[in-house]
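So the chains spell out like this:
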Amino acid sequence: MGERWRLRATPADLAAEYRARGWWDDTTVGTLVADGLAAMGSAALTVRSEVRPWRGTLGDLDRAARSLASALRARGVGPGDAVVLQLPNWFEAGVAFAAASYLGAVVVPVVHFYGPKEVGYILDVVEPDVIITADRFARTDHLEMYQALLADRDGVEWLVADSPDTGPLPDRATAVSGLLDGEPLEAPLAVDPDAPAVVGFTSGTTRNPKGVVHSHRSIVFEARQLEAVYPSDGPAPITGSPMGHFMGMLNALLIPLIKHQPVHLIDKWDPGVVLASMRAEGLGVSGGAPYFLTSLLDHPDFTDEHLALMPYAGLGGAAVPLAVTERAKSLGIKVFRSYGSTEHPSITATLLSDPEDKRLATDGSVLPGVEMRLDEEGQILSRGPDCFVGYTDRELTEAAFDADGWYHTGDVGVLDADGYLTISDRLSDVIIRGGENISALEVEDVLLGLDGLAEVTVVAAPDARLGEHAAAVVRVQPGA
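Quick caveat: nothing in here was measured; it's all calculated off a predicted structure.

Looking only at helices and strands, the chain features 16 helices and 27 strands. Taken over C-alpha atoms, the radius of gyration comes to 22 Å for the chain, in line with the 23 Å a tight globule of 480 residues would show. A principal-axis box enclosing the C-alpha atoms of the chain has dimensions of 60 × 55 × 55 Å. The centroid of the 37 positive side-chain charges in the chain is displaced by 2 Å from the centroid of its 68 negative side-chain charges.

Here is the structure:
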């Protein structure tokens, strides 16, 4: 895969420094998961869902993952093969991720609400060996969608996370439930830690989602980096970020395995359900895009009892209005902010030990191992051990990096006298709504298909609840 996409090589001097400083070692995602699950076998794993609730332990997940890995291995799946996962935050999502990691496969998480257009493009780009999907979720019938998408794609193994209510599967599909009780894989397969480990697709200025490729080294370092940023005390959190999203996968599985925390998932963010679970089981929330916090604070069921379970909130992944951080402060919630992207996940962050004004009003200072500078336009350039190794589109890779390995983020920021960054603008036409990237160009294309519109420009507008939303400036045809 890496050769097919002509992924960049980290400059030799940087790679040598990362290894010498201990930021890179030979740990792979598979060994990280195996070690974490071995140490956490008795810890709780729960899934809150109207359609697929689940309660058990991380040991249950490990046993099922090793059986699934063994079944896939018998089908010829191994290091470097691509495994697409389009699953909600269900038990099977954790099993599939761990199984693919044990095989040294390249995990391609796809957010569960992507439809035929986006998924079809991803399949064309990745050419997967295995696809693991839900049967149905929310408004999407994945059985119908994938039956059509795979009609002219031979040689792809299609597994479905089934249940007693699923009904007959298409002839092409195999039920995951029948593969979870076999002989388990004894140990993760050996794989080059410089090889691709994850491809996360994210929207941007292009009409199609961009495939962001991370190596085992960058993913492992990023997981350890995030674990160090998050406070170690406080109640175990409920994770609502979808595991089909790059950061949701890290937050849901890898960070708890490093922190030795139980895993609590919810497949659809429902503030009422989250608040009820917090109260009944003493759970907390870790943060994310500001919406995850404000949706709880604004809910009529929110009480001081919930507030006591929220000693802190890490905010990032979207614009963080000062009004949100000031509100949290007034309630006694300690806020810390961070800045990064799917391409370079953790560039800056504030810590709980930082001055309050920095935590509330800036996106933090540079994290260990990371370098950052501003160009003449104020654009943020970064490089570090967790920076991605390239896009699946080699032209995008060449445009994003210079010869010295600096990633051109497209974000504009300012640095204060103490070295704290504040994001002020973007060079690219991307709208970040509740943590999800939206291409302004793609929205413009849809609007221009409406009768009566002559011209349209879509821009980001401030949104008190979601950080930003799309706003369209239009010129209509005469008489329309």
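What follows continues from the structure just given.
The next point concerns the nonpolar core. Counting residues in each nonpolar core, the largest one holds 74 residues, and the members touching the most others are Val33, Leu68, Phe97 and Ile132. Aside from chain neighbours lying at most four places away, what touches Phe97 is Val29, Val33, Leu85, Val107, Met249, Leu253 and Leu254. Membership of the second largest hydrophobic core comes to 29 residues, among which are Leu283, Met310, Val320 and Ile333.

Once that is clear, we can look at the pattern of salt bridges. Tallied over the entire structure, the rule returns 24 salt bridges. Measuring nitrogen to oxygen at the nearest pair gives 3.3 Å for the salt bridge that ties Glu92 to Arg52. Placement of Glu92 in helix 5 (residues 91-102) and of Arg52 in the loop between strand 1 (44-48) and strand 2 (54-57) is noted, with a sequence separation of 40 residues between them. Of the two residues, Glu92 and Arg52, both sit in the buried class. A salt bridge links Asp416 to Lys358, with the shortest nitrogen-to-oxygen separation between them at 2.7 Å. Of this pair, Asp416 sits in the loop between strand 22 (407-415) and strand 23 (421-426) while Lys358 sits in helix 14 (residues 356-361), and the two are 58 residues apart along the sequence. By relative accessible area, Asp416 is classed as partly exposed at 28%.

Moving on, we come to the sheet that holds strand 2. Sheets are built from strands paired through backbone hydrogen bonds, the pairs being either parallel or antiparallel. Judged by pairing direction, the sheet is mixed, and its four strands sit side by side in the order 2-1-13-12 without closing on themselves. Among the strands making up the open sheet, the edge pair consists of strand 2 and strand 12 (238-239).

Below, the discussion takes up the sheet that holds strand 15 (residues 312-315). Strand order in the open sheet made by the five strands is 14-15-16-17-18, with mixed pairing throughout. Two strands close off the open sheet at either side, each with one partner strand: strand 14 (287-288) and strand 18 (365-366). Relative to strand 16 (residues 334-339), strand 15 is paired through four bridges, and the arrangement is parallel. Within strand 16, the residue paired with Tyr312 across the bridge is Lys334.

Before going further, it helps to examine the pairing of strand 10 (residues 196-202). Counting buried positions along strand 10 yields seven of seven residues, so the element is predominantly enclosed. Looking at chain direction, strand 10 and strand 11 (residues 210-215) are connected through six bridges and run antiparallel. Following the sheet pairing, Gly200 is matched in strand 11 by Val212.

Right, let's talk about the packing of aromatic side chains for a bit. Using the criterion set out here, one finds 14 aromatic pairs in the structure. When the centroid spacing of 5.7 Å and the interplanar angle of 85 degrees are considered together, the rings of Trp90 and Phe137 count as edge-to-face. With a gap of 47 residues between them, Trp90 in the loop between strand 3 (82-86) and helix 5 and Phe137 in strand 6 (residues 136-137) connect regions that are remote in the sequence. Take Trp90 and Phe137: they sit in the same class, and that class is buried. On the basis of an interplanar angle of 65 degrees and a centroid distance of 4.9 Å, the ring pair of Phe388 and Tyr391 is categorised as edge-to-face.

What follows is about the environment of Phe388. Mapped onto the elements of the fold, Phe388 is located in the loop between strand 20 (379-383) and strand 21 (390-391). Spatially, the C-alpha atoms of Phe388 and Gly200 are 10 Å apart, while their sequence positions differ by 188 residues. Apart from residues lying up to four places away in sequence, Phe388 is in contact with Arg8, Val212, Val213, His214, Glu343, Phe401 and Tyr407.

Residues of helix 2 (residues 12-20) that are buried: Leu14, Ala15 and Tyr18. Down the axis, helix 2 shows its buried residues gathered within 100 degrees of arc, on one side only. The outward face of helix 2, more than 90 degrees from its buried face, is lined by the exposed residues Ala12, Asp13 and Ala20. Tucked into the core, helix 2 has its buried residues touching strand 19 (371-374) and strand 20. One or two positions beyond helix 2, positive phi appears at Gly22, with a value near 80 degrees.

The next thing to look at is unusual backbone geometry. If you check the backbone angles, Arg6 has positive phi at about 50 degrees while not being a glycine. Here the phi dihedral of Ala138 falls at roughly 55 degrees; this positive angle occurs in a residue that is not glycine. Mapped onto the elements, Ala138 comes out in the loop between strand 6 and strand 7 (140-141).

Take Ser241: it is sitting in the loop between strand 12 and helix 9 (246-259). A relative accessible area of 18% means that Ser241 is categorised as buried. Leaving out residues up to four positions away in the same chain, Ser241 has contacts with Asn89, Gly248 and Phe292.

A word on the packing of helix 3 (residues 29-39) against helix 5. Helix 5 packs onto helix 3 with a crossing angle of 125 degrees between their chain directions and a minimal axis gap of 7 Å. Our classification of the angle between helix 3 and helix 5 gives oblique. Every pair of crossing elements has a handedness; the one defined by helix 3 and helix 5 is left-handed. Every residue of helix 5 that contacts helix 3 at Val29, Gly30, Val33, Ala34 and Leu37 is listed here: Phe97, Ala98, Ser101 and Tyr102. In terms of residue class, the contact of helix 3 with helix 5 is built from seven nonpolar, two polar and no charged.

About the cut-offs
Residues numbered from 1 in each chain as written. Predicted model: local features only at pLDDT ≥ 70, side-chain atom pairs only at ≥ 80, totals over all residues. Heavy atoms only, no water. Helix = DSSP H or I, 4+ residues; strand = E, 2+ residues; numbered from the N terminus. Rg over C-alpha atoms; globule rule 2.2 N^0.38 Å. Lys, Arg positive; Asp, Glu negative; His and termini not counted. Charge placed at Lys NZ, Arg CZ, Asp CG, Glu CD. Core = buried A, V, L, I, M, F, W, Y, C linked by side-chain atoms within 4.5 Å. Buried < 20%, exposed > 50% of the residue type's maximum accessible area, 1.4 Å probe, protein only. Contact = heavy atoms within 4.5 Å. Salt bridge = Lys/Arg side-chain N within 4 Å of Asp/Glu carboxyl O. Pairing = 2+ DSSP bridges. Phe/Tyr/Trp six-rings, centres within 6.5 Å; stacked < 30°, edge-to-face > 60°. Arc of directions from axis to C-beta. Axes fitted to C-alpha atoms, helices over the stretch in contact; angles between N-to-C directions. Parallel < 35°, antiparallel > 145°, perpendicular 65-115°, else oblique. Left-handed = near helix turned anticlockwise from the far one by under 90°. Nonpolar A, V, L, I, M, F, W, Y, C, P; charged D, E, K, R; others polar.

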